[in-house]
Amino acid sequence: MTAALLDIRDVHIGIIRRHGSDEIVRGVSISVAPGEKLGIVGESGSGKTLTMLSVLRLLASPPLGVVKGEILLDGEDLARVDAKRLRAVRGGEIAMVYQDPMSSLNPLMHVGKQIEETLKAHGSSPLVASDRTREVLGQVGLADPERVRTSFPHQLSGGMIQRVMIAMALATSPRVLIADEPTTALDVTIQRQILELVTSLQAETGMAVLWVTHDLGVVASLVDNVVVMYAGRVVEKATTTQLFARPTHPYTKALLQSLPGTGSSHRSALHQIGGTPPDPTRLGPGCPFRVRCPYAEEKCAQAEPELIDRGEGSFAACWKDPSQW
Amino acid sequence: MVDLVLRAANLTKVYRGRRGHAPVDALSDVSLDLERGTTFGIVGESGCGKSTLARLLVGLEAPTSGTIRIDDQPVVISERSASRELARKIQLVFQDPFSSLDPRMTVGKALKEVLTVHSLHTDMTSLRASELLSMVGLTRRFAERYPHELSGGQAQRVAIARALAVEPEILVLDEPTSALDVSVRAEIINLLVRIQDELKLSYLFISHDLSMVRHISDDIAVMYLGRVVEMGRYDQVFVTPLHPYTSALEDAIPVPNPEHERSRQAAGAVAVHVQVDKVTRGCPYAPRCALVEPRCRDTAPTLTEKANGHMVSCLVALDDAQ
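Residues numbered from 1 in each chain as written. Chains lettered and ligands numbered in written order. Predicted model: local features only at pLDDT ≥ 70, side-chain atom pairs only at ≥ 80, totals over all residues. Heavy atoms only, no water.

K.L.:
Quick question: what am I supposed to make of empty space enclosed by the protein here?
P.N.:
Empty pockets left among the atoms are what a rolling probe the size of a water molecule brings to light. Inspection of the entire model under this criterion finds three cavities of 30 Å³ or more. Along the walls of the largest cavity sit 13 residues, with Pro250(A), Cys287(A), Cys293(A), Cys300(A) and Cys318(A) positioned nearest its centre. Of the residues belonging to the lining of the largest cavity, the class tally is ten nonpolar, one polar and two charged. In this structure, the second largest cavity occupies an estimated 70 Å³ of space. Lining the second largest cavity we find His243(B), Pro244(B), Cys283(B), Tyr285(B), Ala286(B), Cys289(B), Cys296(B), Pro301(B), Ser313(B), Cys314(B), Leu315(B) and Val316(B). A per-class count over the lining of the second largest cavity returns ten nonpolar, two polar and no charged. (1 Å grid on protein atoms, 1.4 Å probe; cavity = no way out; pocket = protein on both sides within 12 Å on 5 of 7 lines; lining within 4 Å. Points joined across faces, edges and corners; volume = space filled by probe spheres on them. Nonpolar A, V, L, I, M, F, W, Y, C, P; charged D, E, K, R; others polar.)

K.L.:
Just checking my understanding: could you explain the nonpolar core for this structure?
P.N.:
Burial of nonpolar side chains together is a common tendency in soluble globular proteins. All names here are of chain B. With 69 residues, the main nonpolar core has Ile-160, Leu-164, Leu-192, Ile-195, Phe-205, Ile-220 and Val-222 as its most contacted residues. The greatest single-element share of this core, amounting to eight residues, is contributed by helix H7 (residues 182-199). Both domains that furnish three or more residues to this core are identified here as domain 1 (4-236) and domain 2 (243-321). Not counting residues up to four positions away in its chain, the partners in contact with Leu-164 are Arg-128, Leu-132, Met-135, Val-136, Leu-171, Ile-195, Leu-199 and Leu-201. (Core = buried A, V, L, I, M, F, W, Y, C linked by side-chain atoms within 4.5 Å. Buried < 20%, exposed > 50% of the residue type's maximum accessible area, 1.4 Å probe, protein only. Helix = DSSP H or I, 4+ residues; strand = E, 2+ residues; numbered from the N terminus. Domains from an automatic or database assignment. Contact = heavy atoms within 4.5 Å.)

K.L.:
Would you take a moment to explain the interface of chain B and chain A for this structure?
P.N.:
Size of an interface: often given as the accessible area lost when the parts come together. Taken together, the contact between chain B and chain A spans 45 residues of the former and 39 residues of the latter. Together, the buried faces of chain B and chain A total about 3,500 Å²; carbon and sulfur atoms form 54% of this surface. Applying the counting rule to chain B against chain A returns one salt bridge. Between Asp197(B) and Arg267(A) there is a salt bridge; the shortest N-O distance is 4.0 Å. Where chain B packs against chain A, one counts 14 residue pairs in polar contact (both at pLDDT 80 or more). (Buried area = accessible area lost by both parts, 1.4 Å probe. Salt bridge = Lys/Arg side-chain N within 4 Å of Asp/Glu carboxyl O. Polar contact = N/O pair within 3.5 Å; in protein donor to acceptor, adjacent residues only side chain to side chain.)

These results come straight from atomic positions and should not be treated as a statement about function.
The structure is reproduced here in C-alpha cells:
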C-alpha cells in the first residue's frame, strides 16, 4: 500500500447556522495514492460534489463549511494553508474539471488565452505558457488545436469545450485531477474518447485521478477503486472488480440491479430501489438506507454502522454480511 | 393489417442560415411509421436531428417539406389554430422536468392549464387530477405542491401526468430519463411501460442512452446528420447492426462490467468522433467510417431494405447482403 497523496480524513460539512450546524456530509474519508484512479459514485444529494469542492476550499461559505476533519495533500493540511499557498495548490497541484464546462470558461476570452492565464498564474513565462497551451490542446485530441486556441467558447461544441477544460486542468501537470461528472452531458462517442484520453494521460504522467460519476459503466471502464456515497457518508469502498462481482452494501447491489443490461429481458420491469433518499439534515438514529433496504432488521434502526471489512478489499457500512442477504 | 397511429413521410427541415452562412439541413428525408401501442426508439448523437424531428411531429415547427399523418389524417401546422384536435393526440415530455414546469404554478394548476390551452371544456375536477396523479404513482396531495417541492423523479412524473391530461394517443419522450439519477431512471421507465399497456399509448422514445432505448423500444431508428442510417426491429438493430455507425455507438457505451471493459482496452477498440458539419458528396458518414471505401466518397447511399424490414443506408453493408 502506497502512502496517500490526497487524504480526506473524517470530513464533516455542514450548513452553518447561528446555533450549531446541520451536517450534510458526515465523516467522509477518501484517499488516493499516486497513480490511482478512484471513482466516487452516488446520487444527487449524496455529498460527493461537496466533498470534492471542500478539498480546494471552494464550498459556498457561508452557509456551507467544513465543521470537522482534515484534508491532507502529502501530509500538508489544506484547511490551514494561507491564501498564497492555496492559490498554488488550486489548479497547480490539484486541478478540477467541473460538470458544466460552458459556465466555467470566460465567454469573452479566447480559450487558448484562458489556458495561458492559468499557466502564468502558476509561474510560467508568457512564452512557455503559450507553447505549453499548444502542446496540451494537441494532447487532448482536438483535431485542429490552433483553431481551437483562438476560438471563443461559444464557437466550440460541448465535447470540444470539455476537452479544453481537461487540457486546462492538465496544463500545469497536476498531481491530482478531480473530475466532477465531466462526461455526463456528452455523447457516448465523445465520452469514450475522453475516458481513453484520461487513461492514457494518466498512465504517462502518473497523476492520481478522482472521478465523480453516477454512471456505473464509466466506473467499470476507467477506475481501479470505487467509493459509494449515500446520504453524506461513504457506504462502500471496494476495488472495481469486487464492486461489480460482489457488492457488499445493499445500496450498491440495488444500483447495479437497476441498470437495463444484457441480462434483463426486453420491456421487463427494471429493479427499483423504491422510496427516496432521506433529507440529510433530518436523519434520525440508525442506518439512513434502512427504509429502502430489503434486508433491514431491528438493529439497523438503532445504530448507524461504520465501514466493516468484508474481505477482498471491500468495506461496507452495513450490519449484515452479504452472505446473509 | 398494421394499425399505424403516426406516419411521417419524407420529412425535411432546412433552417435558414444566419447572414453569410449556408442553410442548415437539420433533417433530410426522414420517414417513419409508428404502430399503435408500440414504442419507436430514436438514437443518435447531439446534432443528429432527433430533437428537430420531435419538434416537427408535435407541431412546434412546420417541416420544410414532407407530411405527417396522425390516425390517417394530415397534420397541418402552417396556421396557429390549425389542427388543435390532432395536436391534442400527440404530446411531448421533455428532458428536464423542472424547466418544463412553471415554478409558480402548483401541480394541480399545471394539470388544469392544459385543458384550457386545448379549449377542452371539461373541468379538471379534483377527482380527475387525483386520477391522473395516481396513474403516475403520486398521491393526490401532490396537487397542492409547487415544482421546487418535488424531487427529479416526482417532477418527471408530473410532466408525464400533464401530458396525459388531454388523453393523447402518442407521447413523444425526448430524453425523459437523461436528467435523472440512475436509481430513478428505472422507476420512470417502469412507469412508462405500465401506462403504455394500460392506456394503449404509442411512444416515440428519443435518447442517446442506447441501453434504455434497447430496453423499451419495439422499433429503432439510428440517426446521423439529419438522416436515418439504420432502422428495424430492436433486436435487428442491436443484435445484428448493419451500419458501421450503429456498431460504433454500441462500442462506445461503457458497460457496467469491468471484465468486458478490460477486454475492450486490450483490443484497443476506439470510437472515433470527428466533427463533421456538412458533407456535400458521397456518404455523410464516410469521414468517420472504419469501413470506408473509395466509392463511398462519391456515391451517397439511400436507405434500403436488406432483410425483413431491416433498413440500412450503407453501400458496404448492402453489398454484403448479396
